[in-house]
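Chain by chain, the residues:
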Amino acid sequence: MVKPIIIANWKMNLAGKEAIRLAGKIKEKTKGIINKEIVICSSFTDLASVGATLRGSGLRLGAQDVFWEDAGAYTGAISPLILKAAGCDYVIVGHSERRQYLGETDEMVNKKVSACLQHGLTPIICVGETFEERQQGETNNIILSQLNRILDKVDLIEDEQVIIAYEPVWVIGSGQAVDPAEADSVFHLIRQTLVDLWPIVIVNQNVRLIYGGSVDADNVSNFARLDLCHGFLVGGASLEADRFVEIIKSL
Ligand code: PGA
């Protein structure tokens, strides 16, 4: 049985002391929760201090992006080695906000996934359709094409983990999650695609499918009851300890 995972994506929020304070509160309020994995993805500059705050708890540290090279003349970029040294176990890759504002493509995400796996980081791979794509009935094609490009030549082996986050772009930050039945159908499509790529035991044991997009304590249980949903990527509601912990506890 894989453990459910709840990931806080703080995005470009909280600085210095604010990040430490929130991490401390979440740590305090989640004491004793051992049947769920909880990950905090802070900004790069707060990784070390948030990591230090989380020490001694079961909470894990994640980054919101990574570059695919190990080291070299790549001004401003952060490599998997730097993230490992900062104490990260997880990295979000291909978030729709990076695609929209920073020109991230599936080909770039593909390189990031390979770099993560090579260095023992678990990639949290975001896929999802925009509102226009959904209106045109293109959701399944978009998800299929994203997955096939992002996972091109990625061979998942025994001790490597991957998380696929289905995040319909149009509901992110909207306050209104997608209909769980729609998410369920996309989860089935994702699973089938993965089973076509990798051995079924690997898909069962090493891959978790999660949902993201306006998750809160009121809607989380509607998704948690879906067979294939193993957790959540939480943006806005992860910026307040009480709201985030309420989500974790209502699972
Ligand atoms: P949201 O963000 O929970 O604020 O919708 C989710 C995400 O972008 O990962």
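Residues numbered from 1 in each chain as written. Predicted model: local features only at pLDDT ≥ 70, side-chain atom pairs only at ≥ 80, totals over all residues. Heavy atoms only, no water.

Direction of pairing for strand β2 (residues 37-41) relative to strand β3 (residues 60-63): parallel, over a ladder of three bridges. Paired with I40 across the strands is L61, a residue of β3. As a crossover connection, the stretch from β2 through helix α2 (residues 47-54) into β3 is right-handed. Examined bridge by bridge, β3 and strand β4 (residues 90-93) share two bridges and lie parallel to one another. The partner of G62 across the bridge, within β4, is Y90. In the classification by handedness, the crossover that spans β3, the intervening helix α3 (residues 80-85) and the parallel β4 is right-handed. (Pairing = 2+ DSSP bridges. Helix = DSSP H or I, 4+ residues; strand = E, 2+ residues; numbered from the N terminus. Right-handed = clockwise from strand over helix to strand, strands pointing away.)

Neighbouring the ligand are N9, K11, H95, E167, I172, G173, G213, S214, L233, V234, G235 and G236. A distance of 2.7 Å is found between an oxygen atom of the ligand and a backbone nitrogen or oxygen belonging to S214. Here an oxygen atom of the ligand and a backbone polar atom of G236 are 2.8 Å apart. Taken together, the residues that form the shell around the ligand break down as three nonpolar, seven polar and two charged. (Near = heavy atom within 4 Å. Polar contact = N/O pair within 3.5 Å; in protein donor to acceptor, adjacent residues only side chain to side chain. Nonpolar A, V, L, I, M, F, W, Y, C, P; charged D, E, K, R; others polar.)

Bringing the nonpolar core into the picture now. By size, the foremost hydrophobic cluster in this structure holds 66 residues, and its most contacted members are I164, I190 and Y211. In this structure Y211 touches Y166, P168, V171, A177, V178, A183, F187, F223, C229, G231, F232 and L233, once residues within four positions along its chain are discounted. (Core = buried A, V, L, I, M, F, W, Y, C linked by side-chain atoms within 4.5 Å. Buried < 20%, exposed > 50% of the residue type's maximum accessible area, 1.4 Å probe, protein only. Contact = heavy atoms within 4.5 Å.)

Looking now at the environment of K31. Here K31 lies in the loop between α1 (17-29) and β2. On the basis of relative accessible area, K31 is assigned to the exposed category, the value being 58%. Separated by 14 residues in the primary sequence, K31 and K17 have C-alpha atoms spaced 21 Å apart.

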